[in-house]
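Working through the structure, step by step
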2 protein chains.
Amino acid sequence: MAALGTIRGPTIPQADRAATLARCRWDDVRDGDTFARMSDLTLYRDEFWISPYVFSCDVALREKGLAYDEVSVALQRAEQRTEVFASGSVTARVPALRHGDFVVAESSAIVEYLEEAFPETPRVLPTDVRERARARQVMSWIRSDDTLPIRQERSSATMFYERTDAVLSADGARAATKLLEVTTRLLAHGGEHIGARWSIADADLAFMLQRLIMNGAVVPERVRAYVERVWQRPTVQVFVQRERPAYVAY
Amino acid sequence: MAALGTIRGPTIPQADRAATLARCRWDDVRDGDTFARMSDLTLYRDEFWISPYVFSCDVALREKGLAYDEVSVALQRAEQRTEVFASGSVTARVPALRHGDFVVAESSAIVEYLEEAFPETPRVLPTDVRERARARQVMSWIRSDDTLPIRQERSSATMFYERTDAVLSADGARAATKLLEVTTRLLAHGGEHIGARWSIADADLAFMLQRLIMNGAVVPERVRAYVERVWQRPTVQVFVQRERPAYVAY
């Protein structure tokens, strides 16, 4: 399997590659020639860099030091439902990752795939079996119905575009309370992260907590410090500071 | 790590064990003595055996031939929110799995843990890296917002208790259409399962499809045959034929 420095396929000169990336919207990818010119590893992402699941994959790829191209799929124009993307990704959602002729979607599956396909790269999941289980539990829970009210009422657009001061509904408040309870239990051991070291589950959890914090929620100091610590991680900051086009709601 | 035949802790004679199980509701488990008498591996499950996530873990444990005790957590009485269960399971949901002094919740994390903690047992995820990625993609997608309308309008209670003839909402119909599209793509290779062999992702997908089929939906013959094939798997049938108490809605 290919890792940084051993990318398969034609090497694209840096200048050309930047040009390719700059215009590499989904429209272009339908052109087989553009597709062929791209590197071995491609992340299909939302246009505004606000998807929490794109965030998870983007951070994982950077933590691993893997070079990758990225293609914007305009969800606001339902490009994920085009036949070419739907059939390629199977579940018609972003993020999706292309590795050579293989495409997989769903961020947690992508993260696991990166761990397995590039075993020589830094791990983003804990190496200890039980810590890894806990990380997967957190990642699955973050993506579950339990957090849906937070995801709806504190959309990730409020993190990167415009804040909201809308009051949480009863469901939203319950979900927020549970999120803080779960976080408190996860940090009860007194350490700096969920496990002994940072993992991608910390990135996911901090992202979810930022939906509340960035919109003015007061959280326990220990939780605030945890989120800030994870947020300042360089790979996280790359995502946070992405250049984003004007937002179009969808 | 312990596997069938090497269960750690005191061996409970079969008759006593049955008696323990029979009365092993969450109320009893709060009693430390009962807890200590139980086997090394315990699955915390819903009282009515209708949780699709309990199903996934139950099937995985049986596929692996692992002996386990099971404890009913009465969701209809919100027992999952009791302090002892919430703090133990972290996310306060069933299923949860206890292995010795470690507890993990969220079915997909439990399945991955079983694969790693008992490597000598039969695999329930594909051994090929890309097939495993696809299986994880399916498992994550099945648990995602995309299937929520189906889970709400065709609750798993309709599979094991009383069918519904309620018409699907527009959202429900859209979700059902997508479920069939995704299934068709997954089976497009012409094989009998998502991958080259059965995996736990097939069980999850068939369960979701049964919500529609058992309630009278007409699906393509190929999909129907697939679901029936998975449904007849002995470990699946053990779950399907579980003795269930009278249902109490929650």
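Residues numbered from 1 in each chain as written. Chains lettered and ligands numbered in written order. Predicted model: local features only at pLDDT ≥ 70, side-chain atom pairs only at ≥ 80, totals over all residues. Heavy atoms only, no water.

Describing the overall build of chain A
Secondary structure assignment for chain A yields 13 helices and four strands. Counting the 250 residues in chain A, one finds 58% classified as buried. Of the contacts formed within chain A by residues at least 6 apart in sequence, a portion of 70% connects residues at least 24 apart. In the form shown here, chain A has an accessible surface area of approximately 10200 Å², with 53% of it arising from carbon and sulfur atoms. (Helix = DSSP H or I, 4+ residues; strand = E, 2+ residues; numbered from the N terminus. Buried < 20%, exposed > 50% of the residue type's maximum accessible area, 1.4 Å probe, protein only. Contact = heavy atoms within 4.5 Å. Areas by Shrake-Rupley, 256 points an atom, 1.4 Å probe, with all protein chains shown as cover.)

Describing the interface of chain B and chain A
At the interface, 39 residues of chain B touch 39 residues of chain A. Carbon and sulfur atoms make up 51% of the area that chain B and chain A hide from each other, which totals about 3500 Å². Run the count over chain B and chain A and you get twelve salt bridges. Applying the counting criterion to the chain B and chain A interface returns 32 residue pairs in polar contact (both at pLDDT 80 or more). (Buried area = accessible area lost by both parts, 1.4 Å probe. Salt bridge = Lys/Arg side-chain N within 4 Å of Asp/Glu carboxyl O. Polar contact = N/O pair within 3.5 Å; in protein donor to acceptor, adjacent residues only side chain to side chain.)

Here's the deal with the environment of Val230 of chain A
Residues and elements named next belong to chain A. Looking at the element boundaries, Val230 is found in helix 12 (residues 221-231). The class of Val230 is buried, set by a relative accessible area of 1%. When neighbours within four sequence positions are excluded, Val230 is seen to be in contact with His193, Trp198, Asp202, Ala203, Ala206 and Val236.

Quick notes on the packing of aromatic side chains
Residues and elements named next belong to chain A. Inspection of the entire model under this criterion finds 28 aromatic pairs over all chains. The interplanar angle of 70 degrees and the centroid separation of 5.1 Å between the aromatic rings of Phe48 and Tyr247 together place this pair among those described as edge-to-face. With Phe48 in the loop between strand 1 (41-46) and helix 4 (52-63) and Tyr247 in the segment after helix 13 (234-240), the pair connects residues that are 199 residues apart, well separated along the chain. Taking relative accessible area as the criterion, Phe48 reaches 1% and is therefore assigned buried. Taking relative accessible area as the criterion, Tyr247 reaches 32% and is therefore assigned partly exposed. (Phe/Tyr/Trp six-rings, centres within 6.5 Å; stacked < 30°, edge-to-face > 60°.)

Some details on the sheet that holds strand 1 (residues 41-46) of chain B
All names here are of chain B. Spatially, 2-1-3-4 is the arrangement adopted by the four strands of the open sheet, whose pairing is mixed. Unpaired on one side and paired on the other, strand 2 (69-73) and strand 4 (102-105) mark the two borders of the sheet. The mean inter-strand angle of the sheet, taken between neighbouring strand axes irrespective of direction, is 20 degrees. Taken together, the four bridges between strand 1 and strand 3 (residues 96-99) define a ladder with antiparallel strand orientation. Bridge pairing links Leu41 to His99 in strand 3. (Pairing = 2+ DSSP bridges. Axes fitted to C-alpha atoms, helices over the stretch in contact; angles between N-to-C directions.)

Things to note about the domain arrangement of chain A
Residue and element names in this part refer to chain A. Taken domain by domain, chain A holds domain 1 (14-123) and domain 2 (129-236). Taken together, the contact pairs 16 residues of domain 1 with 18 residues of domain 2. Across the domain 1-domain 2 interface, the total number found is seven residue pairs in polar contact (both at pLDDT 80 or more). At the level of secondary structure, the elements contributing two or more residues to the side of domain 1 that touches domain 2 comprise helix 4 and helix 6 (107-117). No other element matches the eight residues that helix 4 contributes to the side of domain 1 that touches domain 2. Its residues assigned to classes, the side of domain 1 that touches domain 2 comprises nine nonpolar, four polar and three charged. (Domains from an automatic or database assignment. Nonpolar A, V, L, I, M, F, W, Y, C, P; charged D, E, K, R; others polar.)

Observations regarding the sheet that holds strand 3 (residues 96-99) of chain A
Pairing is mixed across the open sheet formed by four strands, whose spatial order is 2-1-3-4 (chain A). With partners counted over all chains shown, the strands left at the sheet margins are strand 2 (69-73) and strand 4 (102-105) of chain A, one partner each. Neighbour to neighbour, the strand axes of the sheet diverge by 20 degrees on average, direction disregarded. Sheet analysis places strand 3 of chain A next to strand 4 of chain A, joined by four bridges and oriented antiparallel. Bridge pairing links Ala96 of chain A to Ala105 of chain A in strand 4 of chain A. Along the sheet, helix 6 of chain A contacts strand 3 and strand 4 of chain A; its crossing angle with strand 4 of chain A, the most-contacted strand, is approximately 130 degrees. Together, strand 3 and strand 4 of chain A form the strand contacts of helix 7 (residues 129-142) of chain B, whose direction differs from that of strand 4 of chain A by roughly 25 degrees.

What to know about the nonpolar core
As a rule of thumb, soluble globular proteins bury nonpolar side chains together. Within the largest apolar cluster, 73 residues are counted, with the highest numbers of intra-cluster contacts made by Ile200, Leu205, Leu209 and Trp231 of chain A. In terms of residue count, helix 11 (residues 200-213) of chain A provides more of this core than any other element does, ten residues in total. Those residues in contact with Trp231 of chain A that lie beyond four places of it in its chain are Phe55, Met159, Phe160, Ala206, Phe207, Gln210, Met214, Val236, Gln237 and Val240 of chain A. Of all hydrophobic cores here, the second largest spans 72 residues; its members include Leu41, Trp49, Val54 and Val71 of chain B. (Core = buried A, V, L, I, M, F, W, Y, C linked by side-chain atoms within 4.5 Å.)

Quick look at the relation of the copies chain B and chain A
You can overlay chain B on chain A at an RMSD of 0.0 Å; the transform is a turn of 180 degrees with a shift of 0.0 Å along its axis. Such a combination of turn and shift is consistent with a two-fold rotation axis. Proximity to the rotation axis, assessed at the C-alpha, singles out Ser144 of chain B in chain B; its C-alpha lies 3.3 Å from the axis. A symmetric contact is evident, with 100% of the interface residues of chain B recurring at the interface of chain A. (Least-squares fit on C-alpha atoms with pLDDT ≥ 70 in both.)

Topic: the pattern of salt bridges
Residue and element names in this part refer to chain B. Counted under the stated rule, the structure contains 40 salt bridges over all chains. Of the charged contacts in the structure, one is a salt bridge between Glu115 and Lys64, with a shortest N-O distance of 2.5 Å. With Glu115 in helix 6 (residues 107-117) and Lys64 in the loop between helix 4 (52-63) and strand 2, this pair connects stretches of sequence that are 51 residues apart. The pair Glu115 / Lys64 is uniform in exposure class, with both members buried. Here Arg136 ties to Glu112 by a salt bridge, and the two come within 2.6 Å at their closest N and O atoms.

Thoughts on helix 4 of chain B
Residue and element names in this part refer to chain B. Between the first and last C-alpha of helix 4 there are 16 Å, a value that for twelve residues agrees with the 16 Å anticipated at 1.5 Å per step. In terms of residue burial, helix 4 counts as a mostly covered element, since ten of its twelve residues are buried. Three or more residues of helix 4 are buried, namely Pro52, Val54, Phe55, Ser56, Cys57, Asp58, Val59, Ala60, Leu61 and Glu63. Lining the buried residues of helix 4 we find strand 1, strand 3, helix 6, helix 11 (200-213), helix 12 (221-231) and helix 13 (234-240). (Expected span 1.5 Å × (residues − 1).)

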